[in-house]
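# Summary of structural features
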Amino acid sequence: MRRIILALTLIFASVYFSFPSVRPQAQQQLDNAGAIVLSLNQWRVTSGVPPLKPNPTLERMALDHAGYLLTLAEVPGGSAIHVGRSGDSPAQRARTVYGWHDYGDASRTAISEIAYVGANPAAAMRFWEGSEIHRAAALSDAYREIGVAALPHRFGAVYIVVLGSRPNVLPALVDEGNRRLYLTNERYRYANLLQNAIRNVTRVRLFDADGRAISGWQAWQAVIDLPASAGAQMIVEYNDGELSSLALVPINEAILATLPTATPTNPPTLTPLPTLTPRNELPALVSTQPVIATAQPMPDLTSPLAIPAVVSAQAANVAVIYDNQMLVVQNIGTQRLNLRDLIFVTENMSFSIHRWQTQWMNGTLDDFPATDCLHAWSWLEPAALEMPPICRQRRSVIMLPPEQMFWRSDFNIYWHTAQEVVANCRANAGRCEFFINAAR
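Cut-offs used in this document
- Residues numbered from 1 in each chain as written.
- Predicted model: local features only at pLDDT ≥ 70, side-chain atom pairs only at ≥ 80, totals over all residues.
- Heavy atoms only, no water.
- pLDDT = per-residue confidence, 0-100.
- Contact = heavy atoms within 4.5 Å.
- Pairing = 2+ DSSP bridges.
- Helix = DSSP H or I, 4+ residues; strand = E, 2+ residues; numbered from the N terminus.
- Axes fitted to C-alpha atoms, helices over the stretch in contact; angles between N-to-C directions.
- Disulfide = S-S within 2.5 Å.
- Buried < 20%, exposed > 50% of the residue type's maximum accessible area, 1.4 Å probe, protein only.
- Expected span 1.5 Å × (residues − 1).
- Phe/Tyr/Trp six-rings, centres within 6.5 Å; stacked < 30°, edge-to-face > 60°.
- Lys NZ or Arg CZ within 6 Å of the ring centre and 35° of its normal.
- 1 Å grid on protein atoms, 1.4 Å probe; cavity = no way out; pocket = protein on both sides within 12 Å on 5 of 7 lines; lining within 4 Å.
- Points joined across faces, edges and corners; volume = space filled by probe spheres on them.
- Nonpolar A, V, L, I, M, F, W, Y, C, P; charged D, E, K, R; others polar.

## Points about the confidence of the model for the protein chain
A residue-level look at the protein chain finds 79% of positions with pLDDT of 70 or above and a mean pLDDT of 78. Segment residues 1-10: pLDDT under 50, and 17 contacts once partners within four positions in sequence are set aside and those in other chains are kept.

Below, the structure written as structure tokens:
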């Protein structure tokens, strides 16, 4: 058991510190925030609940609220500790400020917040473990992501923990030392009321970073063995029998981990100021995220999957144009875009947009100009193809073996920055358009 807990410590520490965020004026206590994540995840795993993946949006929420509390003459107690500067609840802030996705209605948001003011993470954990309502939130399998703030206070620190889930976002975390993969599932109580959303996952399969299958379908389990051929990162496909969701999973994060500094074992503590916002008081955003509609073989999709309302309300700024001979990716917006985290995924392979980032590329993927293009075609073409007239400039060209021309079959476009599928493209459609919030 001690070996397992140590391995979990490495995993959860590495995942926590891998997410950058903008700090408020008060300095985040990284060691203490990391210790909260580690302790909560160890508590969950030993209780048979999947660990939580740190999310930069939830961390931003936690930091902003903790920073606001420090501007008050006194940090309030009871439920008042969760009230924001505009009189809003955590879920209202999630909806109106941070763009958190709900489960189809403003009353269905998977967001909870727990808080503590005191000397150290150990004291915070002791309180949450001893409080029925906080224990229920911390150990709920309805939540899959976490953000933590630990800002200095005269009594130690203000700790704010935001727990959340989003439709079709199912993280996976790696225990590299023990060669295990922790999987999540959709357990939020309102998930079954949402259309075009993955529900109870029954099977998974794994791909390496180059899109090669490294496992066939296998029954979903909370923990599975990590394949030896996984490489530096892998893709997990979750499937509920009808719909799928992808998770891109770094494998070697634990190797790069830096453990948080240990906290004193017997520090003075402050009378805690905790409460949990009840789930039925959590209003939400306006829509859901899309999923990959795949099975084996890929089912016939009669229409493209819906893009989240917060995304589809924006005019498309990326177009993928293709035929049997070639593919073009174009910035059709008016601003420069960061395209570097786009991945094209078919039933049998994934194809990163990084393939265009060659030594001959004019510019970079993360500062891609409006109306400019990327171009790809088969290396069996007898001569180079002309630049499409729709392009102001062709920034990079790649020639591929025919078996890598992924657009000849149905494919999905995954945007890793937001961990969502932004488009579902049919092989015979010839064009896919979508919006990414990646303006430079």
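Now that the structure has been shown, the text picks up again.
## Quick word on the sheet that holds strand β16 (residues 373-378)
Spatially, the 5 strands line up as an open sheet ordered β17-β16-β13-β12-β20, and their pairing is mixed. The open sheet has two edge strands with one neighbour each: β17 (394-400) and β20 (431-434). For this sheet the average axis-to-axis angle between neighbouring strands, irrespective of direction, equals 10°. Direction of pairing for strand β13 (residues 326-331) relative to β16: antiparallel, over a ladder of 5 bridges. Looking at the pairing, Gln330 lines up with Cys373 of β16.

## Thoughts on the sheet that holds strand β6 (residues 180-183)
Overall, antiparallel pairing links the 3 strands, which are arranged β5-β6-β9 in an open sheet. Of all the strands in the sheet, the pair left with one neighbour each is β5 (172-175) and β9 (223-225). Taking each pair of neighbouring strands and ignoring which way they run, the sheet shows an average axis angle of 25°. As paired elements, β5 and β6 share 4 bridges and run antiparallel to each other. In the sheet register, Val174 faces β6, and the bridge partner there is Leu181.

## Points about the state of the cysteines
Taken as a whole, this structure holds 2 disulfides when the rule is applied. Each sulfur in the disulfide pair Cys373 and Cys391 lies 2.0 Å from the other. Taking the torsion about the S-S bond as the criterion, the Cys373 to Cys391 disulfide, at about -95°, is left-handed. In this pair, Cys373 is assigned in strand β16 and Cys391 in the loop between β16 and β17, connecting sequence segments 18 residues apart. Taken individually, Cys373 and Cys391 each receive the classification buried, so the pair is uniform in this respect. Across the disulfide, Cys425 is cross-linked to Cys432 (sulfur-sulfur distance 2.1 Å). Measuring handedness by torsion sign, the sulfur bridge of Cys425 and Cys432 sits at about -140° and is left-handed. A residue is classified by how much of its surface remains accessible, and Cys425, at 0% relative accessible area, is buried. We classify Cys432 as buried; its relative accessible area is 8%. For the protein chain, the bonded cysteines pair up as 1-2, 3-4 when numbered in the order they occur along the sequence.

## As for helix α2 (residues 30-46)
Because each turn of an α-helix spans 3.6 residues, side chains separated by three or four positions in sequence point in the same direction. Here α2 is 17 residues long and its end C-alpha atoms lie 24 Å apart, about the 24 Å a rise of 1.5 Å per residue gives. Burial analysis of α2 places 13 of its 17 residues in the buried class, which makes it a mostly covered element. Positioned one or two residues after α2, Gly48 has a phi angle of 80°, which is positive.

## A word on the packing of aromatic side chains
Counted according to the given criterion, the structure contains 11 aromatic pairs. Here Phe344 and Trp356 contribute two aromatic rings whose centre-to-centre distance is 6.5 Å and whose plane-to-plane angle is 70°, an arrangement assigned as edge-to-face. Here Phe344 is found in strand β14 (residues 342-345), whereas its partner Trp356 is found in the loop between β15 (350-352) and β16, with 12 residues between them in sequence. Phe344 gets classed as buried once you look at its relative accessible area, which sits at 1%. An aromatic cluster of three or more residues is present, and its members are Tyr322, Phe344, Phe351, Trp356, Phe406, Trp407 and Phe411. Taking NZ or CZ as reference, Arg187 lies 5.5 Å from the ring centre of Trp220, over its face. The side chain of Arg203 reaches across the aromatic face of Trp217, ending 4.0 Å from its centre.

## As for the layout of surface pockets
The calculated volume of the second largest pocket comes to roughly 380 Å³. Along the wall of the second largest pocket there are 17 residues; nearest its centre are Ala209, Gln233, Ile343, Phe351 and Ser352. Of all the elements in the fold, those that place two or more residues in the lining of the second largest pocket are β10 (233-239) and β15. Classifying every residue of the lining of the second largest pocket by side-chain character gives 6 nonpolar, 6 polar and 5 charged.

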